[in-house]
Amino acid sequence: MREKLVFILFLIALTSICDTINQLFLKSAINSLIPPRGNVRAVLRFIIKLIAVPRVWLSFLFSLISLCIWLFVLSQVDLSFAFSADSMHYIFIALASRFILKERVSLKRWMGIALIVVGIALVSLS
Amino acid sequence: MFKNKLTFKLLFFLVLTDFLETFIHLCFKKSTLLEEGVVITNSSELFVFLQNVFSSPFLLIGLVLVVGTFILWSSLLSRVDLSVAVPICSFSYILIPLASIIFLHEKVSLFRWGGVLFILLGVVLVSLSTSEKGRALE
């Protein structure tokens, strides 16, 4: 039982890492374009331009991998547990922002991340 | 960059994305219900699992809504600060356990709700510090 929980948490971490990589590619692709202003139509035009950027396809690839792992996770455990544990992507995104994008992560944000870690631990223990 | 104040209309769409998100995850979970507890040991079993799940209509509905929500969310973010949008949208951390109880008959213990509360506070704290960074840049 405990081994299964560890395995599922590992898989959820894997989907979160894939999501983080996906976000990093998406962010770098979006940064290479001029941001849209205003309405849904402008956003749609922006998305069409975005699809032409090769990095976006890498981002899609990682979201597809993430989706497949996620579906397997959902076949094994409760949705309420899996979704709560999936909040660990906030941790990976903060780490990636700090160490890959070299952004400054404030103390408040680290505290928020600590709270998320405690929350995931509580949800997993139940 | 100039952003509009949070109007009632914007708030409505932000809450709508919460409900869409919840609905998407319910659809994903529903698409895997027939495969509940499946054991995968090799690549052909993995292929069969994915084939079964991807042929479920629930998954297709979920994927269509993912694209729709992505477009809605992107256009909302051009009008609302991330530090406002994310806390409102983390409401789905409560909606999803509620929907799991109602529609999937899952049991959520008090302990788990405690965990959800911590996660929620954490997400709000993480996103609130975004506005400070924005202010520092101005």
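Residues numbered from 1 in each chain as written. Chains lettered and ligands numbered in written order. Predicted model: local features only at pLDDT ≥ 70, side-chain atom pairs only at ≥ 80, totals over all residues. Heavy atoms only, no water.

Peer 1: Looking at this model, I keep getting lost on the side chain of Ser100 of chain B. Mind explaining?
Peer 2: Note that Ser100 of chain B resides in helix H5 (residues 92-104). The exposure class assigned to Ser100 of chain B is buried, which follows from its relative accessible area of 0%. With residues near it in sequence (within four places) discarded, Ser100 of chain B still touches Leu79 and Ser80 of chain A together with His105 and Glu106 of chain B. (Helix = DSSP H or I, 4+ residues; strand = E, 2+ residues; numbered from the N terminus. Buried < 20%, exposed > 50% of the residue type's maximum accessible area, 1.4 Å probe, protein only. Contact = heavy atoms within 4.5 Å.)

Peer 1: Where do I start with the packing of aromatic side chains in this structure?
Peer 2: Aromatic ring pairs are defined here through the distance separating the ring centres and the angle between the ring planes. Applying the stated criterion across every chain, the model contains 5 aromatic pairs over all chains. Measuring from ring centre to ring centre gives 5.0 Å for Phe83 of chain A and Tyr93 of chain B, while their planes differ by 40°; the resulting arrangement is tilted. In this pair, Phe83 of chain A is assigned in helix H4 (residues 79-85) and Tyr93 of chain B in helix H5, connecting two distinct chains. For Tyr93 of chain B, a relative accessible area of 5% gives the class buried. The interplanar angle of 75° and the centroid separation of 5.4 Å between the aromatic rings of Phe12 of chain B and Phe13 of chain B together place this pair among those described as edge-to-face. On the basis of relative accessible area, Phe12 of chain B is assigned to the partly exposed category, the value being 48%. (Phe/Tyr/Trp six-rings, centres within 6.5 Å; stacked < 30°, edge-to-face > 60°.)

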